[in-house]
Amino acid sequence: DEVLDINKNTTIGFESFVNKGTRAANTTIGNLAKFQVWGGYETKTDVFAGKVVTKSGDVWSYTDPVAWTGNVYKFAACATGTADEVSGVSFDFASGALTMTDYKVNQAHDLVAAVTTVDNTSLSNAPVNLNFKHMLSKVKFAITNNSTENLSMSVSDITFTVKDQATATFNGTAAWSNYTASTTTITVPGTTVNVAKGATFTSEDFLVMPQDDMSGVTATFTVQFYNGSTPFGAAQPYTAVSMGGTAWTPGYIYTYTAAPGAAMPFIQFGVNSV
């Protein structure tokens, strides 16, 4: 009896890299341990159809290994950096585009995607190199204590609301379309106190869906000034602060800045000479 086996050198294998450009969203997905892959060649475009590829140590693997053939392949992959698989995904072989229909952003999950073409007509059988790029954007706030006297400041109640469901397409460049009416309100947790004069409170980063229309996106926040431990005047709410003007591009971080101050009704003396 003979036992037939596929030589490991002829099995389609994968390698991955998560792009981290200067302005790219930098998240723990850099430790990517799982992704899904689609692709094939012209006469068999569904060699992979959402196959889950996982990492153990430095080795990527998947069940039921597939052997290379001497063809030109196209591959596409996506991942969220969690154990969850992405639903509603399709791959168009002709255009080489991966589409995630009605994808809904989860604040705890990033989203990355990759596409590549591999010419294996010479049967080189090299691992498929997937260069993942970020599909989402990030937003954070930097609020500076601009008081004219030596007052400390607290910052609280930072919130903003954005659309969170649309169709994502990736063909090397990320694009979003067909936004639904679904929105999510993002809240910076807790209150930051003891922001000294001239110092800046910087919030954590928040994953957001790139928006098709920023005109109605606004933020709210509240500041309270203190003279020592005593509140100085009433808390100052800032509502409907526009975040429009700059569209959010996938893979970029946007920092929104503000510098609230407090009027100082301290007793002051002047001198008139006679």
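Treat the numbers as computed from the prediction; the structure is a model and nothing was measured.

Trainee: Tell me about the side chain of S152, and please be specific about residues and values.
Mentor: Mapped onto the fold, S152 is located in strand β11 (residues 152–163). Dropping the residues within four chain positions of it, S152 is found in contact with N145, N194, V195, Q224, F225, Y226 and G228.

Trainee: I'd like a description of the confidence of the model for the protein chain, backed by residues and values.
Mentor: With 87% of its residues at a pLDDT of 70 or more, the protein chain shows a mean pLDDT of 86. When pLDDT is averaged over each element of the protein chain, strand β12 (residues 165–170) comes out on top at 97 and strand β1 (residues 14–18) at the bottom at 77. Across residues 1–8 the pLDDT falls below 50, and counting only partners more than four positions away or on other chains, this stretch makes three contacts in the model.

Trainee: Could you give me a rundown of empty space enclosed by the protein, with the residues and numbers involved?
Mentor: The tally for this structure, following the rule as stated, stands at one cavity of 30 Å³ or more. Looking at the largest cavity, its volume works out to about 50 Å³. The wall of the largest cavity is formed by eleven residues, among which K34, F35, A79, T80 and D84 lie closest to the centre. At the level of secondary structure, the elements contributing two or more residues to the lining of the largest cavity comprise β2 (34–41) and β5 (72–79). Taken together, the residues of the lining of the largest cavity break down into four nonpolar, four polar and three charged.

Trainee: Just give me the short version of the pairing of strand β3 (residues 44–56), but keep the residues and values in it.
Mentor: Where β2 and β3 come together, seven bridges link them in antiparallel fashion. Across the sheet, the residue bridging to W38 is A49, located in β3. In this structure, the hairpin formed by β2 and β3 is closed by a connection of two residues. Examined bridge by bridge, β3 and strand β4 (residues 59–61) share three bridges and lie antiparallel to one another. Its bridge partner lying in β4, T54 is registered against S61. The hairpin turn running from β3 into β4, its antiparallel successor, is two residues long, and G57 in that turn takes a positive phi close to 70°.

Trainee: Now, about unusual backbone geometry: what can you tell me, with residues and values included?
Mentor: At L123, a position not held by glycine, the phi torsion is positive, near 55°. In this fold, L123 is placed in the loop between β8 (112–119) and β9 (128–134). Positive phi values are uncommon outside glycine, yet A240 reaches one of about 50°. Among the secondary structure elements, A240 is positioned in strand β19 (residues 230–242).

Trainee: Outline the environment of A113, listing residues and values.
Mentor: The residue A113 is located in strand β8 in this model. For A113, a relative accessible area of 0% puts it in the buried group. Put simply, A113 and T80 are 33 residues apart on the chain and 9.0 Å apart in space, counted from C-alpha to C-alpha. What A113 contacts, discounting residues up to four positions off in sequence, is A77, C78, M100, N131, F132, K133, M135 and F170.

Trainee: Before we move on, could you go through the sheet that holds β12 and cite the residues and values that matter?
Mentor: Strand order in the open sheet formed by four strands is β6-β7-β12-β13, with antiparallel pairing between adjacent strands. Both edges of this open sheet fall to β6 (89–92) and β13 (174–177), since each of them pairs with a single strand only. The average angle at which neighbouring strand axes cross in this sheet is 20°, direction not considered. Pairing analysis gives four bridges linking β6 to strand β7 (residues 97–104), with the strands arranged antiparallel.

Rules used in this analysis
- Residues numbered from 1 in each chain as written.
- Predicted model: local features only at pLDDT ≥ 70, side-chain atom pairs only at ≥ 80, totals over all residues.
- Heavy atoms only, no water.
- Helix = DSSP H or I, 4+ residues; strand = E, 2+ residues; numbered from the N terminus.
- Contact = heavy atoms within 4.5 Å.
- pLDDT = per-residue confidence, 0-100.
- 1 Å grid on protein atoms, 1.4 Å probe; cavity = no way out; pocket = protein on both sides within 12 Å on 5 of 7 lines; lining within 4 Å.
- Points joined across faces, edges and corners; volume = space filled by probe spheres on them.
- Nonpolar A, V, L, I, M, F, W, Y, C, P; charged D, E, K, R; others polar.
- Pairing = 2+ DSSP bridges.
- Buried < 20%, exposed > 50% of the residue type's maximum accessible area, 1.4 Å probe, protein only.
- Axes fitted to C-alpha atoms, helices over the stretch in contact; angles between N-to-C directions.

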